[in-house]
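Structural features, examined
Here is how the chains run, residue by residue.
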Amino acid sequence: MSGLIGKKIGMTSVYSAEGKNIPCTVIEAGPCVVTQIKTVEKDNYEAVQIAYDEKSEKHTTSSLLGHFKKAGTTPKRKLAEFKGMPEVALGDTITVDLFSEEDWVDVTGISKGKGYQGVVKRHGFAGVGGQTHGQHNRQRKPGSLGASSYPSRVFKGKRLPGQMGGDQVKVLNLKVLKVIPESNLILVKGSIPGAKGAYLTIEK
């Protein structure tokens, strides 16, 4: 599906025609530059590669500098491929005009990293027992992990403490509430993964 690369600005709310307050996320979508057009003959599939957000030449590898030079554009920070894009040429600029109000989009981003977390925060465990019965250090422990006699080990897939967040998350079927072309902004209903300033891919 066609789409754009963007950046999460933050959350706000707007009022509908019926006077209902709707929470929404503000996304800066584009402008993106077409840096490569992939074809079946050369790459075995069809797709359009686009790039977003300026980057200094000093911090860009020589191979990428050549890649961007071929497209006739300055170095960019974020690259992404989309299938089913409209007819475009190398070096073309795609703007937020790709979207319109009442469109439905899928948004992909990297969720906020929470670091190493226990089972209560990571999986919603209730904890072991209460504050009574002489317990002083086991309220947020996972409890029993399995039988001691057989299989004498913990099964794979057991919900345990570990790294939480920092995963790629895709949210489907979000409604575009408003498009502001002069500022390259779109307002999408609801929340999306990622911190403020995080990169996103928005697919129609």
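**As for the layout of surface pockets**
The computed volume of the largest pocket comes to approximately 190 Å³. As for the largest pocket, its lining consists of 13 residues, and the residues nearest its centre are Ile37, Val48, Met85, Pro86 and Glu87. Here the lining of the largest pocket is composed, by residue class, of seven nonpolar, two polar and four charged. What the second largest pocket holds in volume is close to 160 Å³. Where the lining of the second largest pocket is concerned, the elements lending two or more residues are strand 1 (3-15) and strand 10 (168-180). For the lining of the second largest pocket, the class distribution of residues is five nonpolar, one polar and two charged.

**Some points on a positive patch on the surface**
A cluster of basic side chains, namely Lys112, Lys114, Lys121, Arg140 and Lys196, defines a positive patch on the protein surface. Mapped onto the secondary structure, lysine 196 falls in the loop between strand 11 (185-189) and strand 12 (199-203).

**Considerations on unusual backbone geometry**
If a residue is not glycine, its phi is most likely negative; likewise, a peptide bond is most likely trans. Residue proline 151 is bonded to the preceding tyrosine 150 through a cis peptide linkage, with omega at 5°. If you trace the backbone, proline 151 turns up in the loop between helix 3 (119-123) and strand 9 (162-164). Of note in this structure, asparagine 173 is not a glycine but carries a positive phi near 55°.

**Quick word on the environment of glycine 109**
Looking at the element boundaries, glycine 109 is found in strand 7 (residues 104-110). In this structure, the C-alpha to C-alpha distance between glycine 109 and leucine 79, residues 30 residues apart in sequence, is 13 Å. Those residues within four positions of glycine 109 in sequence are excluded, and the remaining contacts are Asp167, Gln168, Val169, Pro193, Tyr199 and Leu200.

**Description of the nonpolar core**
Counting residues in each nonpolar core, the largest one holds 26 residues, and the members touching the most others are Leu4, Ile50, Phe99, Val105, Ile186 and Ile202. With six residues, the next largest nonpolar core counts Ile22, Cys24, Leu177 and Leu185 among its residues.

**Quick word on the pattern of salt bridges**
Overall, the coordinates contain six salt bridges when judged by the stated rule. Of the charged contacts, one joins aspartate 53 and lysine 7 as a salt bridge, the two residues approaching to 3.3 Å between their closest N and O atoms. A residue pair is termed long-range when its members are at least 10 positions apart, and aspartate 53 in strand 4 (residues 47-54) and lysine 7 in strand 1 qualify at 46 residues. Two residues, glutamate 203 and lysine 170, come together in a salt bridge whose shortest N-O distance is 3.2 Å. Note that glutamate 203 is positioned in strand 12 and lysine 170 in strand 10, a separation of 33 residues in sequence.

**Some points on the side chain of threonine 201**
Within the secondary structure, threonine 201 sits in strand 12. For threonine 201, a relative accessible area of 16% corresponds to the buried category. When residues no more than four places from it in sequence are discounted, the contact partners of threonine 201 are Leu4, Ala80, Phe82, Asp106, Val107 and Thr108.

**Description of the confidence of the model for the protein chain**
For the protein chain, mean pLDDT is 89; residues scoring 70 or higher make up 98% of the total. By mean pLDDT, strand 6 (residues 93-94) is the weakest element of the protein chain at 88, and strand 8 (residues 115-117) is the strongest at 96.

**Focus: the sheet that holds strand 4**
Consider a sheet: its strands pair through backbone hydrogen bonds, and that pairing is either parallel or antiparallel. As summarised here, the arrangement of the four strands in space is 5-4-3-6, forming an open sheet in which the pairing is antiparallel. A single partner strand is all that each edge strand has here, and the edge strands are strand 5 (76-82) and strand 6. By the bridge criterion, six bridges tie strand 4 to strand 5 in an arrangement that is antiparallel. Opposite glutamate 54, over in strand 5, you have lysine 76 as the bridge partner. Helix 2 (residues 62-71) rests against strand 3 (32-38), strand 4 and strand 5 of the sheet, and its axis sits at about 95° to strand 3.

Calculation criteria
Residues numbered from 1 in each chain as written. Predicted model: local features only at pLDDT ≥ 70, side-chain atom pairs only at ≥ 80, totals over all residues. Heavy atoms only, no water. 1 Å grid on protein atoms, 1.4 Å probe; cavity = no way out; pocket = protein on both sides within 12 Å on 5 of 7 lines; lining within 4 Å. Points joined across faces, edges and corners; volume = space filled by probe spheres on them. Nonpolar A, V, L, I, M, F, W, Y, C, P; charged D, E, K, R; others polar. Helix = DSSP H or I, 4+ residues; strand = E, 2+ residues; numbered from the N terminus. Patch = residues over 30% accessible without salt bridge, like charges linked within 9 Å, V, L, I, M, F, W, Y side chains within 5 Å. Areas by Shrake-Rupley, 256 points an atom, 1.4 Å probe, with all protein chains shown as cover. Salt bridge = Lys/Arg side-chain N within 4 Å of Asp/Glu carboxyl O. Lys, Arg positive; Asp, Glu negative; His and termini not counted. Charge placed at Lys NZ, Arg CZ, Asp CG, Glu CD. Contact = heavy atoms within 4.5 Å. Core = buried A, V, L, I, M, F, W, Y, C linked by side-chain atoms within 4.5 Å. Buried < 20%, exposed > 50% of the residue type's maximum accessible area, 1.4 Å probe, protein only. pLDDT = per-residue confidence, 0-100. Pairing = 2+ DSSP bridges. Axes fitted to C-alpha atoms, helices over the stretch in contact; angles between N-to-C directions.

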